[in-house]
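The residues making up each chain are set out below.
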Amino acid sequence: MRILLAEDDIMLGEALQDALIAQGFVVDWLKDGESALSAICSETFDLLMLDLGLPRRSGMDVLAEIRKRDIDIPVLILTARDATSDRIAGLDAGADDYLLKPFDLGELSARIRALLRRRSGRARPEMVHGELRIDPASQHVTYAGRDISLQRREYMLLKELLEHSGEVLTRDKLEASLYGWMDEVESNALEVHIHHLRKKLYPGLIRTVRGVGYMIPAAGN
Ligand code: CA
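Just so we're clear, the structure is a prediction, and the values are computed from it rather than from any experiment.

### Thoughts on helix α8 (residues 189–200)
Compared with the 16 Å implied by 1.5 Å per residue over 12 residues, the 17 Å span of α8 between its first and last C-alpha is a close match. Those residues of α8 that sit buried are A189, L190, H193, I194 and L197. Along α8, the residues classed as buried sweep out an arc of 135 degrees about the axis, all on the same side. Contacts from the buried residues of α8 go to α6 (152–163), α7 (171–178) and β12 (213–215).

Have a look at this one:
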């Protein structure tokens, strides 16, 4: 899961980035509205966290523009303004939720999980696939009742594949969900993570679709 953070407050941005990375998200961070808008238009993100008071282009303007262009990304507004009219305007302009600064990082993470869950059409917080269970809040993974210990990127990859079970995900899409702009990507890193997941879970869980990418078949298939 890849989040674009548009926030010009350096201290807040750093705290947010650290907290979200610890929650198993990839976070790319931009500090003005113009750059955020061009990133949203050219790359795929699962969520935009948008400060309203941004230099070069306001958050409200960015939001209006991405909805005008029909870009369907969940948007969580971060705002210091506590005027009800700003919140109403943001929601009416196409935001999915908002948080008033200062906010609690635990609450922020819970709202992000709720937004992503709604977006994927899942009502229950846990992700379940046969005997495999993931609790995104605790990042706890079990298989047939047994605790499975995964490295950070193995966990991110498993979550991405499960969120789209039944769909083939290309290498590019998977890599984009695992690595941000600042991360170094080794050429065979994806294969190594897939190999470890198959070993820690079971070999048939993840199918290789030759020349395209990988998939977890829909549960029951
Ligand atoms: Ca600001």
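Now that the structure is up, let's keep going.
### Quick look at the pattern of salt bridges
Here the idea is simple: oppositely charged side chains can pair when their charged atoms come close. Here the structure, examined in full by the defined rule, presents 22 salt bridges. Here R2 ties to E43 by a salt bridge, and the two come within 3.2 Å at their closest N and O atoms. Linking R2 in strand β1 (residues 2–6) with E43 in the loop between α2 (33–42) and β3 (47–51), this pair joins segments that are 41 residues apart in sequence. Residue classification places E43 among the partly exposed positions, given a relative accessible area of 31%. Between D97 and R111 there is a salt bridge, with its nearest N and O atoms 3.0 Å apart. With D97 in strand β5 (residues 97–100) and R111 in helix α5 (residues 105–119), this pair connects stretches of sequence that are 14 residues apart. Relative accessible area serves as the criterion here: at 14%, D97 is assigned to the buried category. Several salt bridges share partner residues, and in doing so they unite E34, R57, D61, E65, K68 and R69 into one network.

### A short note on the coordination of the calcium ion
Summarising the metal site, the calcium ion is bound by the protein donors D8 (OD), D51 (OD) and G53 (O), whose distances to it range over 2.2 to 2.4 Å. For the calcium ion, all donor residues lie on one chain, and their spacing in sequence is D-x42-D-x1-G. For D51, a relative accessible area of 4% gives the class buried. Judged by its relative accessible area of 39%, G53 is partly exposed.

### Overview of the domain arrangement of the protein
For the protein, the assigned domains read domain 1 (2–120) and domain 2 (127–215). Computed from C-alpha atoms alone, the centre-to-centre distance between domain 1 and domain 2 is 26 Å. Tallying the contact residues gives 16 residues for domain 1 and 13 residues for domain 2. Taken together, the two surfaces of domain 1 and domain 2 that pack against each other cover about 1200 Å², and 49% of this comes from carbon and sulfur. Linking domain 1 with domain 2 are zero salt bridges, by the criterion used here. Linking domain 1 with domain 2 are six residue pairs in polar contact (both at pLDDT 80 or more). Counting residues per element, the ones that place at least two in the side of domain 1 that touches domain 2 are β1, α1 (10–22) and β2 (26–30). Sorting elements by how many residues they give to the side of domain 1 that touches domain 2 places β2 first, with four residues. By residue class, the composition of the side of domain 1 that touches domain 2 is nine nonpolar, three polar and four charged.

Conventions used here
Residues numbered from 1 in each chain as written. Predicted model: local features only at pLDDT ≥ 70, side-chain atom pairs only at ≥ 80, totals over all residues. Heavy atoms only, no water. Helix = DSSP H or I, 4+ residues; strand = E, 2+ residues; numbered from the N terminus. Expected span 1.5 Å × (residues − 1). Buried < 20%, exposed > 50% of the residue type's maximum accessible area, 1.4 Å probe, protein only. Arc of directions from axis to C-beta. Contact = heavy atoms within 4.5 Å. Salt bridge = Lys/Arg side-chain N within 4 Å of Asp/Glu carboxyl O. Donors = N, O, S within 2.8 Å, 3.2 Å for Na, K, Ca; no water. Domains from an automatic or database assignment. Buried area = accessible area lost by both parts, 1.4 Å probe. Polar contact = N/O pair within 3.5 Å; in protein donor to acceptor, adjacent residues only side chain to side chain. Nonpolar A, V, L, I, M, F, W, Y, C, P; charged D, E, K, R; others polar.

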